[in-house]
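# An overview of the molecular structure
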Amino acid sequence: MNIDDLRDKLLEELAGCKGRASLFLEIEEEVVEINSNDVYQSASLIKLPILFEALRQIDEGALQKERQLAIQEGDKIGDTGVLQAMKVKQLPVVDLLSLMIIVSDNSATNLMIDLLGKDSINATIFRLGMRNSILQRKMLDFNAIQSGNDNFTSAADIALCLKEAVTGGSLKTQSRNTFHSLLLQQQFKEKLPVYMDDSLLKIGNKTGELPGVEHDCGIITYGEKQAFIVVLIDSLSEAESGKATIRQVGKHINSFIQGVSTASKYN
């Protein structure tokens, strides 16, 4: 399979999706974009620029990763995560960031939004060039959503964030490694990674969900190379259709990488 074959297969998958779908893929120095600048509710993908801003502040000395944050019962909210079930009275920033990404903990995310500040997070979003992205609300603030103050992003924006976080010059080496490591420890693997061969490649991913919304994005490492993939889907009447599309995207990318890896052995 060459890059044109892969592009055709990805186009076919998104065209058959029972929702509005977009994609950004950078692989083998080629870029595949399908509606990549269309704007979507970000769901939990907004946690990526929050992580980026936290690591930036740590790099600059404005934030200590071992700083303890007090956790009140009122800080604990439901849905994804484990903090709401824990009895801890405080946790260090580094642990809250781990919870925010690895188990997509909403309580930890809201604590980080309060600590970092929406303005600082949005300033970093702007500096990164994420022109279709903005943080306007905390996690599970459905009143804000109903009033139009939602969090938004695009596939191209998320890819930009991922790439700068692990290959750019905005973060120090340790923070770049931390960003990537947290994604590699992701617990939600039911979308892009499902049909990926972990003996061939490693994917560090981050999912996002809301009613009618299914997202996933990831950094794929194979050999000495990396690829960046983002798939955003909304307007779904049932979640499984979106998940199935994203899984097939992952399957096609896996087949492409398998072909590239096989070819390189004989060159």
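Structural data are supplied above this passage.
Cut-offs used in this document
Residues numbered from 1 in each chain as written. Predicted model: local features only at pLDDT ≥ 70, side-chain atom pairs only at ≥ 80, totals over all residues. Heavy atoms only, no water. Salt bridge = Lys/Arg side-chain N within 4 Å of Asp/Glu carboxyl O. Helix = DSSP H or I, 4+ residues; strand = E, 2+ residues; numbered from the N terminus. Buried < 20%, exposed > 50% of the residue type's maximum accessible area, 1.4 Å probe, protein only. Phe/Tyr/Trp six-rings, centres within 6.5 Å; stacked < 30°, edge-to-face > 60°. Lys NZ or Arg CZ within 6 Å of the ring centre and 35° of its normal. Pairing = 2+ DSSP bridges. Axes fitted to C-alpha atoms, helices over the stretch in contact; angles between N-to-C directions. Contact = heavy atoms within 4.5 Å. Core = buried A, V, L, I, M, F, W, Y, C linked by side-chain atoms within 4.5 Å. 1 Å grid on protein atoms, 1.4 Å probe; cavity = no way out; pocket = protein on both sides within 12 Å on 5 of 7 lines; lining within 4 Å. Points joined across faces, edges and corners; volume = space filled by probe spheres on them. Nonpolar A, V, L, I, M, F, W, Y, C, P; charged D, E, K, R; others polar.

Right, let's talk about the pattern of salt bridges for a bit. Summed over all chains, the structure comprises twelve salt bridges. A salt bridge links R20 to D234; its shortest N-O distance comes to 2.8 Å. With R20 in strand β1 (residues 20–27) and D234 in strand β9 (residues 225–234), this pair connects stretches of sequence that are 214 residues apart. When its relative accessible area of 32% is taken as the criterion, R20 is described as partly exposed. Connected through shared salt-bridge partners, E53, R56 and E60 make up one network.

It is worth spelling out the packing of aromatic side chains at this point. Within this structure, the stated rule accounts for zero aromatic pairs. In this structure, R20 packs its charged tip against the face of Y40, placed 3.8 Å from the ring centre. If you follow R131 out to its NZ or CZ, it ends over the ring of F126, 4.6 Å from the centre.

Turning our attention to the sheet that holds strand β7 (residues 202–210). Ordered in space as β2-β1-β9-β8-β7, the five strands form an open sheet in which the pairing is antiparallel. Of all the strands in the sheet, just β2 (30–34) and β7 have a single pairing partner and so form its edges. Neighbour-to-neighbour, the strand axes of the sheet open up by a mean angle of 5°, direction not taken into account. On top of the sheet, helix α7 (residues 155–167) reaches β1, β2, β8 (213–222) and β9; it is set at about 150° to β9, its chief contact.

With phi around 65°, E29 is a residue other than glycine that occupies positive phi space. Structurally, E29 can be placed in the loop between β1 and β2. Residue E29 is classed as exposed on the basis of its relative accessible area of 83%. Even without being glycine, A43 reaches a positive phi, approximately 50°. Examined against the element boundaries, A43 turns out to sit in the loop between β3 (40–41) and α2 (47–60).

What follows covers the nonpolar core. Nonpolar side chains in soluble globular proteins generally cluster together in the buried interior. Of all hydrophobic cores here, the largest spans 51 residues; its most connected members are L162 and F179. Broken down by secondary-structure element, the contributors of at least two residues to this core are α2, α3 (93–102), α4 (106–116), α5 (118–127), α7, α8 (173–184), β8 and β9. Residue contributions to this core peak at eight residues, all from α7. Non-local contacts of L162, meaning those with residues more than four positions away in its chain, are made with L48, F179, L183, C217, G218, I219, F228, I229 and V230.

A separate point is the layout of surface pockets. Computed from the structure, the largest pocket encloses a volume of approximately 230 Å³. Residue lining of the largest pocket: 18 residues in total, with S44, D79, N106, E209 and L210 positioned closest to the centre. The dominant element in the lining of the largest pocket, judged by the number of residues it contributes, is β7, at five residues. Counted by class, the lining of the largest pocket contains seven nonpolar, six polar and five charged residues.

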